[in-house]
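Descriptive analysis of the structure
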Amino acid sequence: MLAGCSGPDGHPTTTRPPHAAASSPSSHPSAPATPAPGPPPTLAPGPQGLTPVFERRPKSAAPTDEKVVALTFDADMTADEGERAAAGESFDNPPLIDLLRRLKVESTVFMTGRWAEEYPDQARAIGTDPTFEIANHSYSHYAFSSPCYGLPTVAKEEMRDEVERAFAAFRTAGARNVVPYFRFPGGCYDDEALRALAPEKVTAVQWDVVGGDAFATDADAVAEQVLEGVTPGSLVVLHCTRSAAPTTEDAVRRIVPELRARGYRFVKVSELMRAAPGD
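The text that follows walks through the structure, step by step, so that each part is easy to find. Since we're looking at a predicted model, the values are computed, not measured.

Criteria and thresholds
Residues numbered from 1 in each chain as written. Predicted model: local features only at pLDDT ≥ 70, side-chain atom pairs only at ≥ 80, totals over all residues. Heavy atoms only, no water. Phe/Tyr/Trp six-rings, centres within 6.5 Å; stacked < 30°, edge-to-face > 60°. Buried < 20%, exposed > 50% of the residue type's maximum accessible area, 1.4 Å probe, protein only. Lys NZ or Arg CZ within 6 Å of the ring centre and 35° of its normal. Axes fitted to C-alpha atoms, helices over the stretch in contact; angles between N-to-C directions. Helix = DSSP H or I, 4+ residues; strand = E, 2+ residues; numbered from the N terminus. Left-handed = near helix turned anticlockwise from the far one by under 90°. Contact = heavy atoms within 4.5 Å. Nonpolar A, V, L, I, M, F, W, Y, C, P; charged D, E, K, R; others polar. Polar contact = N/O pair within 3.5 Å; in protein donor to acceptor, adjacent residues only side chain to side chain. Core = buried A, V, L, I, M, F, W, Y, C linked by side-chain atoms within 4.5 Å. Disulfide = S-S within 2.5 Å. Salt bridge = Lys/Arg side-chain N within 4 Å of Asp/Glu carboxyl O. Parallel < 35°, antiparallel > 145°, perpendicular 65-115°, else oblique.

Counted by the stated rule, this structure contains six aromatic pairs. Residues Phe182 and Phe184 carry aromatic rings whose centres are separated by 5.0 Å and whose planes lie at 90° to one another, so their mutual orientation is edge-to-face. For Phe184, a relative accessible area of 1% puts it in the buried group. An aromatic cluster of three or more residues is present, and its members are Phe144, Phe182, Phe184 and Tyr189. Taking the ring centre of Tyr139 as reference, the NZ or CZ of Arg165 above it sits at 3.7 Å. Above the ring of Phe110, the side-chain terminus of Arg183 is found at 4.0 Å from the ring centroid.

In structure tokens form, the structure reads like this:
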């Protein structure tokens with residue numbers, strides 16, 4: 001089973017609690033991104049100490065009209081897909097990562113630990129390039145609540161281990177630009193999952209714009225969906241998995257220049273979150 005972070009129609013079925021508001025190593029860009037000052041921000045815990053959830057820069061944040069947008073890319077691979085990778089299935093997308101480098105698009109890659117183990121050179125290259133930051137997408141890409149696109153479900157007592165194993169895989173690969181953010185596989189979660197992850201002190205990161213690239217065959221349709229959805233402070237979810245999202249690179253070729261023509265600046269999630277209340 002190949003499980004992306006969206007259903008075949010490209011739209012997530014995120015369960016939100018009431019309180020919730022790869023590339024082969026290559027040279028870095030000639031003008032690398034400027035590192036954000038200080039450690040990456042996180043949000044304060046939610047009610048009853050639950051893991052906080054971030055979806056976009058709040059419209060109440062100042063300046064409210066600043067045209068910034070965060071493109072995020074989920075590097076999905078489930079724990080049981082090794083045989084398919086060995087047979088030649090591409091769970092990575094080096095051309096997409098190289099395109100983001102050439103276009104100097106700062107972005108955040110939500111990576112599974114299994115992906116980092118399968119592509120350690122790429123994980124290290126992404127995680128040492130100032131254009132990118134790596135965030136946690138679990139180790140196995142199994143669901144933290146059910147139903148969730150047919151994904152196997154992680155037991156409550158194993159949820160923290162899923163986060164810790166992924167961070168360990170990033171360290172083993174040699175990634176350094178790692179931030180304390182976590183994205184639930186499939187975007188599926190509930191209060192039980194938020195409670196289980198609270199000791200990890202991560203901020204859960206969702207989105208307000210669905211790219212719709214999972215299983216898509218029309219790059220223009222993906223680009224249109226993003227371009228129609230973005231507003232100042234938006235957070236877009238896309239994918240970095242060729243076998244599940246083969247049109248993403250072509251969609252990004254259109255998304256980036258069109259948003260720049262509208263005056264938008266591309267930022268990592270850490271910069272987008274820095275202006276959020278409670279960071």
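Anyway, onward from the coordinates.
Moving on, we get to the packing of helix H7 (residues 219–229) against helix H8 (residues 248–261). Here H7 crosses H8 at 35°, and the two axes come no closer than 8 Å. Crossing handedness for the pair H7 and H8: right-handed. Only Asp250, Ala251, Arg254, Ile255, Glu258 and Leu259 of H8 make contact with H7, whose side of the interface consists of Ala219, Asp220, Val222, Ala223, Glu224, Val226 and Leu227. Taken together, the residues of the contact of H7 with H8 break down into eight nonpolar, no polar and five charged.

We now examine the side chain of Arg101. With respect to the helices, strands and loops of the structure, Arg101 is situated in helix H2 (residues 94–103). By relative accessible area, which is 4% here, Arg101 ends up buried. Within the structure, Arg101 has its side chain in polar contact with the side chain of Asp98 (distance 3.0 Å).

Let's shift gears to the nonpolar core. Met111, Trp115 and Phe184 are the most contacted members of the largest nonpolar core, which has 61 residues in total. Examining the composition of this core, we find that seven residues originate from one element, helix H5 (residues 159–173), more than from any other. With residues up to four places along the chain from it excluded, the contact list for Phe184 reads His137, Phe144, Tyr189, Ala193, Leu194, Leu197, Ala204 and Gln206. If you look at the next biggest cluster of nonpolar residues, it comprises 17 residues, including Phe110, Trp207, Val267 and Met273.

This part covers the state of the cysteines. Inspection of every chain in the model, using the stated rule, returns one disulfide. In this model Cys148 forms its disulfide with Cys188; the gap between the sulfur atoms is 2.2 Å. A torsion of 85° about the S-S bond marks the disulfide between Cys148 and Cys188 as right-handed. Of this pair, Cys148 sits in the loop between strand S4 (132–136) and H5 while Cys188 sits in the loop between strand S5 (178–182) and helix H6 (191–197), placing them 40 residues apart in sequence. On the accessibility criterion, Cys148 (2% relative accessible area) is buried. According to the relative accessible area criterion, Cys188 is buried, its value standing at 0%.

Counted under the stated rule, the structure contains 19 salt bridges. Residues Glu66 and Arg265 are paired through a salt bridge, measuring 3.0 Å at the closest nitrogen-oxygen approach. In this pair, Glu66 is assigned in the loop between strand S1 (53–54) and strand S2 (68–75) and Arg265 in strand S9 (residues 265–266), connecting sequence segments 199 residues apart. Overall, Glu66 belongs to the partly exposed group, its relative accessible area being 25%. Where Arg160 meets Glu200, a salt bridge forms, and the shortest distance between an N and an O atom there is 2.8 Å. One end of the pair, Arg160, is in helix H5; the other, Glu200, is in the loop between H6 and strand S6 (203–205), with 40 residues separating them in the sequence. Overlapping salt bridges bring together Arg57, Glu66, Arg265 and Glu271 as one network.

Okay, the packing of H2 against H8 next. At a minimum axis distance of 9 Å, the contact between H2 and H8 shows a crossing angle of 20°. By the angle between their axes, H2 is roughly parallel relative to H8. Once H2 is placed against H8, the crossing between them reads as right-handed. Residues Pro95, Leu96, Leu99, Leu100, Arg102 and Leu103 of H2 form the contact with H8, whose own contacting residues are Thr248, Glu249, Val252, Arg253, Val256 and Arg260. In terms of residue class, the contact of H2 with H8 is made up of seven nonpolar, one polar and four charged.

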